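Close look at the chain arrangement
Listed here are the chains, written in short residue letters.
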Amino acid sequence: VAWLPDSKNISALKLNRIQNRLDLFLADIATGKAHVILHEEDPFWINVTDGPKFLPGSDQFLWTSERDGFRHIYLYRRDGQLEKQLTRGDWAVDRIIGLDRDGQRVLFTSSEESPLGHQLYTVALDGTDKRKLTESAGTHSISAGTTPSYYLDSYSSLTTLPRAVLYKSDGTEVRTYRKADNK
């Protein structure tokens, strides 16, 4: 259950007991009326990693689904109409971090480069211009607010000690937060 940006509605996910049917509801908090805006079924299992990400000042939301065999990002209208699949390929999106400060690009982590690591990527809301923001192979754990003007990249690999660096949402390095320390 989560609030929508308008603070007048909430969203709720409902799964059946064997977790192969999912409904996403919107509910008006003033009237209590709820309706299904998204339904997914799978013969075996639906993996739920995040709820919907409703875009501020918009009637759209981001959703991740494995309907094509890999977890990817989809853009929907609030009425449940699919507008666009933003990512595609034989790789999986790990999670949506958020939108950049202009609200035009989605930041997300993915194992596209290697299933042994996680990288940060960005894609435009129209599904074009996907770019990798992180450079080094390994695992990048990203911390950011809901509209990340900045993000903290906590990074490590088999050959690199953990470190944390603050970046702008376009990938520009701002400052090292925690240096790699082997002491």
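Residues numbered from 1 in each chain as written. Predicted model: local features only at pLDDT ≥ 70, side-chain atom pairs only at ≥ 80, totals over all residues. Heavy atoms only, no water.

1. Re the confidence of the model for the protein
Atom-level detail of predicted coordinates should not be read off regions where pLDDT is low. For the protein, mean pLDDT is 91; residues scoring 70 or higher make up 98% of the total. No element of the protein has a lower mean pLDDT than strand 13 (residues 139-144), which averages 90, and none a higher one than strand 7 (residues 72-77), which averages 97. (pLDDT = per-residue confidence, 0-100. Helix = DSSP H or I, 4+ residues; strand = E, 2+ residues; numbered from the N terminus.)

2. What about the pairing of strand 2 (residues 9-15)?
Sheet analysis places strand 1 (residues 2-3) next to strand 2, joined by 2 bridges and oriented antiparallel. By the bridge assignment for strand 2, Trp3 is matched with Ile10. Between strand 1 and strand 2, which pair antiparallel one after the other, the connecting turn spans 5 residues, and Ser7 there sits at a positive phi close to 60 degrees. Summarising the sheet, strand 2 and strand 3 (residues 21-28) pair through 7 bridges and their orientation is antiparallel. Across the sheet, the residue bridging to Ile10 is Ala27, located in strand 3. The hairpin turn running from strand 2 into strand 3, its antiparallel successor, is 5 residues long, and Gln19 in that turn takes a positive phi close to 60 degrees. (Pairing = 2+ DSSP bridges.)

3. Some points on the sheet that holds strand 4 (residues 34-41)
Taken together, 4 strands build an open sheet; the order of strands is 1-2-3-4 and the sheet is antiparallel. Two strands lie at the open edges of the sheet, namely strand 1 and strand 4, each paired on one side alone. Where strand 3 meets strand 4, 7 bridges bridge the pair, whose relative direction is antiparallel. If you follow Leu22 over to strand 4, its bridge partner there is Glu40.

4. What about the packing of aromatic side chains?
Per the counting criterion, the structure on display carries 5 aromatic pairs. On the basis of an interplanar angle of 40 degrees and a centroid distance of 5.0 Å, the ring pair of Phe54 and Phe61 is categorised as tilted. Here Phe54 and Phe61 have matching classes, each one buried. Aromatic pair Tyr151 and Tyr167: ring centres 5.4 Å apart, planes at 20 degrees, arrangement stacked. One end of the pair, Tyr151, is in strand 14 (residues 150-156); the other, Tyr167, is in strand 15 (residues 163-168), and 16 residues separate them in sequence. On the basis of relative accessible area, Tyr151 is assigned to the buried category, the value being 1%. (Phe/Tyr/Trp six-rings, centres within 6.5 Å; stacked < 30°, edge-to-face > 60°. Buried < 20%, exposed > 50% of the residue type's maximum accessible area, 1.4 Å probe, protein only.)

5. Brief notes about the environment of Ile10
In this structure, Ile10 sits in strand 2. Residue classification places Ile10 among the partly exposed residues on the basis of a relative accessible area of 22%. What Ile10 contacts, discounting residues up to four positions off in sequence, is Val1, Ala2, Trp3, Leu4, Phe25, Leu26, Ala27 and Ile29. (Contact = heavy atoms within 4.5 Å.)

6. Some points on the environment of Asn47
Assignment of secondary structure puts Asn47 in the loop between strand 4 and strand 5 (53-54). A sequence separation of 33 residues divides Asn47 from Gly80, and the C-alpha atoms of the two residues are 20 Å apart. Non-local contacts of Asn47, meaning those with residues more than four positions away in its chain, are made with Glu66 and Arg71. Within polar-contact distance, the side chain of Asn47 engages the side chain of Glu66 at 3.1 Å. (Polar contact = N/O pair within 3.5 Å; in protein donor to acceptor, adjacent residues only side chain to side chain.)

7. Here we look at the sheet that holds strand 16 (residues 173-178)
If you trace the 4 strands from one edge of the open sheet to the other, you get 13-14-15-16, paired in antiparallel fashion. Looking at the sheet topology across the chains shown, the edges are occupied by strand 13 and strand 16. Adjacent strand axes in the sheet meet at a mean angle of 25 degrees when their direction is disregarded. (Axes fitted to C-alpha atoms, helices over the stretch in contact; angles between N-to-C directions.)

8. Focus on the pattern of salt bridges
Counting across every chain of the model gives 8 salt bridges. One salt bridge in this structure joins Arg67 and Glu40, with 2.4 Å as the shortest N-O distance. Of this pair, Arg67 sits in the loop between strand 6 (60-65) and strand 7 while Glu40 sits in strand 4, and the two are 27 residues apart along the sequence. Overall, Arg67 belongs to the partly exposed group, its relative accessible area being 40%. Taking relative accessible area as the criterion, Glu40 reaches 12% and is therefore assigned buried. (Salt bridge = Lys/Arg side-chain N within 4 Å of Asp/Glu carboxyl O.)

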